Amino acid sequence: MIYFLVYLFVEIFVSYEFTKIFTPFGMFLEILASAVFGLMLIRTLNFSLAESMQKVMRREISQEEFISIGMFKFVGAILLVVPGVFTDILGLLMQFDAFGSFVAKKFLTPKETYTHQKDPFESDIIDVEIIEDTKHVK
């Protein structure tokens, strides 16, 4: 609840300052432009995801980063549709892969997985000796 109140305060403050500088008509145009841009991003999200999928296949990003980047781009596009200057700033930031990767690495830590501890005497190498039988039957 406290986070929502902080968000509401910041949104009202930033929107008020924006309206004071750019007039109410400028605020109206910003809301319209960001909504159109957000809807356009939602419509073209599949191309962005395809590009990220290729990065995963080239091993440039991990699967967790792929999921977080896709999620951040979608949430960012939704935030652009929602009226408000602060949400538009957050929505624009979420469109950048670097921001999504940074937030994902900082806050979305992967679960620890169980790794099998090898026995020091256990080896993956198999030593085999091949003996050829050179008897010829006549």
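Here's a quick rundown of the structure. Everything quoted here is computed from the prediction, not taken from an experiment.

Cut-offs and rules
Residues numbered from 1 in each chain as written. Predicted model: local features only at pLDDT ≥ 70, side-chain atom pairs only at ≥ 80, totals over all residues. Heavy atoms only, no water. Helix = DSSP H or I, 4+ residues; strand = E, 2+ residues; numbered from the N terminus. Contact = heavy atoms within 4.5 Å. Patch = residues over 30% accessible without salt bridge, like charges linked within 9 Å, V, L, I, M, F, W, Y side chains within 5 Å. Areas by Shrake-Rupley, 256 points an atom, 1.4 Å probe, with all protein chains shown as cover. Salt bridge = Lys/Arg side-chain N within 4 Å of Asp/Glu carboxyl O. Buried < 20%, exposed > 50% of the residue type's maximum accessible area, 1.4 Å probe, protein only. Phe/Tyr/Trp six-rings, centres within 6.5 Å; stacked < 30°, edge-to-face > 60°.

### Focus: the side chain of Asp 88
Right, so step 1: Within the fold, Asp 88 resides in helix H4 (residues 85-94).
Right, so step 2: Setting aside residues up to four positions removed in sequence, Asp 88 forms contacts with Glu 30, Ser 34, Leu 79, Leu 80 and Val 82.

### So, a nonpolar patch on the surface
Right, so step 1: On the surface, Met 1, Ile 2, Tyr 3, Phe 4, Leu 5, Val 6, Leu 8 and Ile 12 cluster together to form a nonpolar patch covering roughly 920 Å² of accessible area.
Right, so step 2: Note that Phe 4 resides in helix H1 (residues 2-43).
Right, so step 3: For Phe 4, a relative accessible area of 47% translates into the label partly exposed.

### Examining unusual backbone geometry
Leaving glycine aside, a negative phi is the common case for residues, and trans is the common case for peptide bonds.
Right, so step 1: A positive phi angle, near 70 degrees, is found at Thr 23, a position not held by glycine.
Right, so step 2: Following the sequence through the fold, Thr 23 ends up in helix H1.
Right, so step 3: Classification of Thr 23 as partly exposed rests on a relative accessible area of 42%.
Right, so step 4: Phi at Arg 59 takes a positive value of approximately 60 degrees, unusual for a residue other than glycine.
Right, so step 5: In this fold, Arg 59 is placed in the loop between helix H2 (45-57) and helix H3 (63-81).

### Some thoughts on H4
Right, so step 1: Taken together, the buried positions of H4 are occupied by Val 85, Thr 87, Asp 88, Gly 91 and Met 94.
Right, so step 2: Of the surrounding elements, those touching the buried residues of H4 are H1, H3 and helix H5 (97-107).

### Some words on the pattern of salt bridges
Right, so step 1: According to the stated counting rule, one finds 2 salt bridges in the structure shown.
Right, so step 2: Close ionic contact of Arg 58 with Glu 60 constitutes a salt bridge, the shortest N to O distance being 2.9 Å.
Right, so step 3: Assessed through its relative accessible area of 48%, Glu 60 is described here as partly exposed.

### Regarding the packing of aromatic side chains
Right, so step 1: Scanning the entire structure with this criterion turns up 5 aromatic pairs.
Right, so step 2: Between the aromatic rings of Phe 4 and Tyr 7, the centroid separation amounts to 6.2 Å while the plane-to-plane angle is 40 degrees, which identifies the pairing as tilted. Of this pair, Phe 4 and Tyr 7 both sit in helix H1, 3 residues apart, roughly one helical turn.
Right, so step 3: In this structure Tyr 7 comes out as partly exposed when scored by relative accessible area, which is 28%.
Right, so step 4: Taken together, the ring pairs in this structure connect Phe 4, Tyr 7 and Phe 86 into an aromatic cluster.

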